[in-house]
Amino acid sequence: MSNSSQYFKGIEKIKFEGIQSDNPLAYRWYDEQRVVAGKTLKEHLRFACAYWHSFCGNGGDPFGEPTHLFSWNEIADPVDRAKAKMDAAFEFMSKLGLPFYCFHDVDVVDYGNDVAENERRLQALTAYAKQHQDASGIQLLWGTANLFSHRRYMNGAATNPDFAVLAHAGAQVKAAMDATIALGGQNYVFWGGREGYMSLLNTNMKREQEHLARFLQVSRDYARSNGFKGKFFIEPKPCEPTKHQYDYDSATVIGFLRQHGLLEDFSLNIEVNHATLAGHTFQHELQVAADAGLLGSIDANRGDYQNGWDTDQFPNNINELTEAMLIILEAGGFKGGGINFDAKIRRNSTDPQDLFHAHIGGMDTFARALIAADAILQQSDYKTIRSNRYASFDNGNGKAFEAGTLKLEDLRNIAAAAGEPAVASGRQEYLENLVNRFI
Ligand code: XLS
Ligand code: NI
Ligand code: NI
């Protein structure tokens, strides 16, 4: 491994300095050792760097060439190039104090079209990553396979109408799973980037979804028989790149997992901007997953209210995240996952510091949100107001209804006897003010 400070020269390890600090390269809220609700911030938040945005994204957009130019891209040999990129990634993560990272196979090393050669490349980088993990203590939160960028996947991967393409997807997942297992990866993610349709005119939706389920089953079986103990996550997204993706939102994915017997091994990875693209709040998607006991992990980012696509901006909305942390804390935290920054700096953010500012801002916002949410839960009447709202179901006829011992005729007789109910305020503005009071 090369010298540990090569790519981000002049930037020291980022420290916690507290809210009085005006140092843009310091944490103001994220004191990783601070204990909140019985755990340190580090243990609660489990921050991860997304390899693809931070070390593969080059600032290019449909209208323009790359703006983020990385020195390792000048290295001709794909394995050497990938190692230099990995040196930069671990330097960055170590300086930030990020405990985890996440990758797709092709983020780690460039792939060609030869299955065996791709496996060889990924194995070489897996061994290299192992050295870096051991030296730094940084762990793999999850691995995944990119089954959406290559031309062969233009009609889908596991849902491709051509079995030959599906088999290639299987080869990629097998290699990515092997890498994840070898690196002690805690989870494995499936985001179905092309698993959906562009037009129903050429699509057998039922057959495609059955293929997707079978693909997940054989992937799970392979991982389990090779010692993988972690969770598999499905990441819902309603559209982009396809017009309609099968993993539309939390509710859709939960129904799919239930239908295909996958609830035991799979849970959900909820992404902020995917929720909003589905026409939901992030909080809604978290709550649906939490209520099903399937809140696995999150991909942290934010969208843009004026744009209808996955802009993957770094999170900075303290109100949104405080409401999110209320749900996550009440659910007892993530089931195996953490907070992966699936976010990218803007095309015109071209200083080496920009990537630090982006992560520091995201980490501080989450830390502040967690602290505020814990205070709301511990010190306010937030929970009481909600439970009191349902008090009529705690005893008497309401309780009997929940227990299933009342019939429709009983409801009629109870209503006739009791007369018109008194109206009860939902107190929304009171609660909104309460949240702001703790931020
Ligand atoms: C794309 C997804 C992707 C997944 C990993 O919108 O968010 O980045 O998180 O394949
Ligand atoms: Ni994502
Ligand atoms: Ni996304």
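Residues numbered from 1 in each chain as written. Chains lettered and ligands numbered in written order. Predicted model: local features only at pLDDT ≥ 70, side-chain atom pairs only at ≥ 80, totals over all residues. Heavy atoms only, no water.

- The protein has the name Xylose isomerase in an unreviewed UniProt entry, where Flavihumibacter petaseus NBRC 106054 is given as its organism.
- In its Catalytic activity (unreviewed entry) section, the UniProt record describing the protein reads: "alpha-D-xylose = alpha-D-xylulofuranose".
- According to its UniProt record, the protein has this under Sequence similarities (unreviewed entry): "Belongs to the xylose isomerase family." (UniProt positions renumbered as here; feature names shortened; annotations may be inferred.)

1. Details of the coordination of the nickel ion (ligand 3)
- Around the nickel ion (ligand 3), the protein contributes the donor atoms E271 (OE), H274 (NE2) and D310 (OD), at 2.1 to 2.2 Å from the metal centre.
- Coordination of the nickel ion (ligand 3) draws on donor residues from a single chain, spaced E-x2-H-x35-D in sequence.
- In this model, the nickel ion (ligand 3) sits 3.8 Å from the nickel ion (ligand 2), the two metals being bridged by E271. Of this pair, H274 sits in helix 9 (residues 272–277) while D310 sits in the loop between strand 13 (295–300) and helix 11 (318–330); the two residues are 36 residues apart in sequence, bridging distant segments of the chain. Assigned by exposure class, H274 and D310 land together as buried. (Donors = N, O, S within 2.8 Å, 3.2 Å for Na, K, Ca; no water. Helix = DSSP H or I, 4+ residues; strand = E, 2+ residues; numbered from the N terminus. Buried < 20%, exposed > 50% of the residue type's maximum accessible area, 1.4 Å probe, protein only.)

2. Describing the packing of aromatic side chains
- Applying the stated criterion across every chain yields a total of 25 aromatic pairs.
- Here F8 and F356 contribute two aromatic rings whose centre-to-centre distance is 5.4 Å and whose plane-to-plane angle is 80°, an arrangement assigned as edge-to-face. Of this pair, F8 sits in the segment before strand 1 (15–16) while F356 sits in helix 12 (residues 352–379), and the two are 348 residues apart along the sequence.
- Using a relative accessible area of 9% as the deciding quantity, one classes F8 as buried.
- What makes F356 buried here is its relative accessible area of 0%.
- Taking the centre distance of 6.0 Å and the plane angle of 35° together, the rings of F190 and F266 count as tilted. Taken together, the residues span a long stretch of sequence, with F190 in strand 8 (residues 187–190) and F266 in strand 12 (residues 266–271) at a distance of 76 residues. Here the two residues F190 and F266 agree in accessibility, since each one is buried.
- Ring-pair connections join several aromatic residues into one group, and the members of that group are Y7, F8, Y51, F55, F70, W72, F90, F92, Y101, F103 and F356.
- When the ring centre of Y430 is taken as origin, the NZ or CZ atom of R427, which lies over that ring, is 4.4 Å away. (Phe/Tyr/Trp six-rings, centres within 6.5 Å; stacked < 30°, edge-to-face > 60°. Lys NZ or Arg CZ within 6 Å of the ring centre and 35° of its normal.)

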